[in-house]
Amino acid sequence: MTLSRESTPSVTPSPSADLEDVVRVGGALADTMNSVIEGKPDVVLTAITALLAEGHLLIEDVPGVGKTMLAKTLARSIDVSVRRVQFTPDLLPSDITGVSIYNQERRDFEFRPGAVFANVVVGDEINRASPKAQSALLECMEESQVTVDGHTYELPHPFMIMATQNPVEMEGTYPLPEAQRDRFMARLSMGYPTAAAEVAMLDHHGASSPIEQLRPVTDAAGISRLIHAVRTVHTSPAVRQYIVDIAAMTRTSSLIRLGASPRATLHLLRAGRSRAALAGRDHVLPDDIQAIAPIVLAHRLLLSSEAQLARREPLEIVTELVRRTRVPAAR
């Protein structure tokens, strides 16, 4: 995918990136994305948090609110390989992972990589494909590899899937299976813009798309160094216990039939580290976990019949459970 960009200068992290580089590059990345995504700084911060935490992002909302624009803006803000997959009912698993084709000249099979072989994969309307096609993403999302005809192929690093989906009430959609939802680190909704942001959007997007003028802030190697820096952020035993306590609350609540998995607990830890690093801290605070927990946990939960009859929302329930979980005392 050839990308043309303009405007924001590239910010290159040092050979061994530290937290100052995370703050500097993360800030430049946020500024670039906010120049296109009007009035949604929290959404932009969540996308960057997932990127540096080595997570995948699911963007769910009604059509026309900028889901695909957010995914494309993040992809174009980094000088990496980008592939876009339009999920449709006739999409085949081999279209995503790749296929082995017989080469007449060599008299042997050769592997043709699919769309998933890129640093950033934009999956548009993922829940319009059949469950069979959706399942092609399970291995690559969890293990960053693809296995075809008994051969395993590593995916590039960094690797991130940014998928958009319409609400399941929309016509022609399939609900994502629990195993796949659990592989997305976070789910967010764009929501409608404020009146001021919508007026600004008309000014900036009316004549041409500002996304075409974006220049990359950094490259794949730079993002890899930032990811390694985020891994060094300290998480105290008390904060780790706090994360486990929040997950346990989702497993024991009468409102929830299926609580957070151990994978969800790990994702919450990684997202907390990323958020702390973007704030310039070398340690995770309970505040980081509280801020990120609803969007990391809510999409993984299955509500009980009682909660469904009461029309409770998973996001609301997780927020309430986090509020009820004892916060570790400062030492």
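For the structure, check the block above.
Residues numbered from 1 in each chain as written. Predicted model: local features only at pLDDT ≥ 70, side-chain atom pairs only at ≥ 80, totals over all residues. Heavy atoms only, no water.

### Points about the overall build of the protein chain
Here is step 1 of the chain: A tally of regular secondary structure across the protein chain gives 14 helices and 13 strands.
Here is step 2 of the chain: Computed over its C-alpha atoms, the radius of gyration of the protein chain comes to 20 Å, within 12% of the 20 Å expected for a compact globule of 331 residues.
Here is step 3 of the chain: Here the C-alpha coordinates of the protein chain stretch approximately 70 × 45 × 40 Å along the principal axes.
Here is step 4 of the chain: Residue burial in the protein chain is summarised as follows: out of 331 residues, 52% are buried.
Here is step 5 of the chain: In the protein chain, 78% of the contacts between residues at least 6 apart in sequence involve partners at least 24 apart.
Here is step 6 of the chain: Averaging the locations of the 34 positively and 39 negatively charged side chains of the protein chain gives two centres separated by 4 Å. (Helix = DSSP H or I, 4+ residues; strand = E, 2+ residues; numbered from the N terminus. Rg over C-alpha atoms; globule rule 2.2 N^0.38 Å. Buried < 20%, exposed > 50% of the residue type's maximum accessible area, 1.4 Å probe, protein only. Contact = heavy atoms within 4.5 Å. Lys, Arg positive; Asp, Glu negative; His and termini not counted. Charge placed at Lys NZ, Arg CZ, Asp CG, Glu CD.)

### Some remarks on the packing of aromatic side chains
Here is step 1 of the chain: Applying the stated criterion across every chain yields a total of 3 aromatic pairs.
Here is step 2 of the chain: Measuring from centroid to centroid gives 5.3 Å for Tyr102 and Phe109, while their planes differ by 70°, and the two rings are edge-to-face.
Here is step 3 of the chain: The interplanar angle of 10° and the centroid separation of 4.0 Å between the aromatic rings of Phe111 and Tyr153 together place this pair among those described as stacked. With Phe111 in strand 5 (residues 108-113) and Tyr153 in strand 8 (residues 151-154), this residue pair connects regions lying 42 residues apart in the sequence. (Phe/Tyr/Trp six-rings, centres within 6.5 Å; stacked < 30°, edge-to-face > 60°.)

### Digging into unusual backbone geometry
Here is step 1 of the chain: In this chain, His157 is followed by Pro158 through a cis amide linkage whose omega measures 0°.
Here is step 2 of the chain: We note that Glu125 has phi near 55°; this positive angle belongs to a residue other than glycine.
Here is step 3 of the chain: With respect to the helices, strands and loops of the structure, Glu125 is situated in the loop between strand 6 (120-124) and helix 5 (131-134).
Here is step 4 of the chain: The residue Arg311 is not glycine, and still its phi comes out positive at about 55°.

### A look at the sheet that holds strand 1 (residues 57-60)
Here is step 1 of the chain: Spatial ordering of the open sheet is given by 3-6-9-1-10, a layout of 5 strands whose pairing is parallel. For this open sheet the edge positions go to strand 3 (82-86) and strand 10 (186-188), each flanked by a neighbour on one side alone. In this sheet, adjacent strand axes meet at a mean angle of 15° when their direction is disregarded.
Here is step 2 of the chain: Where strand 1 and strand 9 (residues 160-165) come together, 4 bridges link them in parallel fashion. The partner of Leu57 across the bridge, within strand 9, is Met162.
Here is step 3 of the chain: Against the sheet, helix 3 (residues 67-76) touches strand 1, strand 3, strand 6, strand 9 and strand 10, its axis set at about 165° to strand 9. (Pairing = 2+ DSSP bridges. Axes fitted to C-alpha atoms, helices over the stretch in contact; angles between N-to-C directions.)

### Notes on helix 9 (residues 220-231)
Here is step 1 of the chain: Over its 12 residues, helix 9 runs 17 Å from end to end, which matches the ideal 16 Å to within 8%, given 1.5 Å per residue.
Here is step 2 of the chain: Every buried residue of helix 9 is accounted for by Ala220, Gly222, Ile223, Ser224, Leu226, Ile227, Ala229 and Val230. (Expected span 1.5 Å × (residues − 1).)

### Examining helix 10 (residues 237-252)
Here is step 1 of the chain: Relative to the 22 Å expected for 16 residues at 1.5 Å per residue, helix 10 spans 22 Å between its end C-alpha atoms, a close match to the ideal helical length.
Here is step 2 of the chain: When we look at burial in helix 10, the residues that qualify are Val239, Tyr242, Ile243, Ile246, Ala247 and Thr250. End-on, the buried residues of helix 10 take up no more than an arc of 130°, which puts them together on one face. Away from the buried face of helix 10 by more than 90 degrees, exposed residues Pro237 and Thr252 are located. (Arc of directions from axis to C-beta.)

### Digging into the environment of Tyr192
Here is step 1 of the chain: Residue placement: Tyr192 occurs in the loop between strand 10 and helix 8 (195-205).
Here is step 2 of the chain: Between the C-alpha atoms of Tyr192 and Ala71, which are 121 residues apart in sequence, the distance is 17 Å.
Here is step 3 of the chain: Non-local contacts of Tyr192, meaning those with residues more than four positions away in its chain, are made with Lys40, Val62 and Val65.

### So, the nonpolar core
Here is step 1 of the chain: Of all hydrophobic cores here, the largest spans 75 residues; its most connected members are Val22, Leu52, Leu57, Leu70, Leu74 and Leu297.
Here is step 2 of the chain: Residue contacts for Leu57: discarding those within four places in its chain leaves Thr46, Ala47, Ala50, Met160, Ile161, Met162, Ala163, Phe184, Ala186 and Leu188.
Here is step 3 of the chain: Among the nonpolar cores identified, the runner-up in size contains 26 residues, and Val116, Ala133, Val148 and Phe184 belong to it. (Core = buried A, V, L, I, M, F, W, Y, C linked by side-chain atoms within 4.5 Å.)

### As for the side chain of Thr325
Here is step 1 of the chain: Here Thr325 lies in the segment after helix 14 (314-324).
Here is step 2 of the chain: A polar side-chain atom of Thr325 sits 2.8 Å from the main-chain carbonyl oxygen of Leu321. (Polar contact = N/O pair within 3.5 Å; in protein donor to acceptor, adjacent residues only side chain to side chain.)

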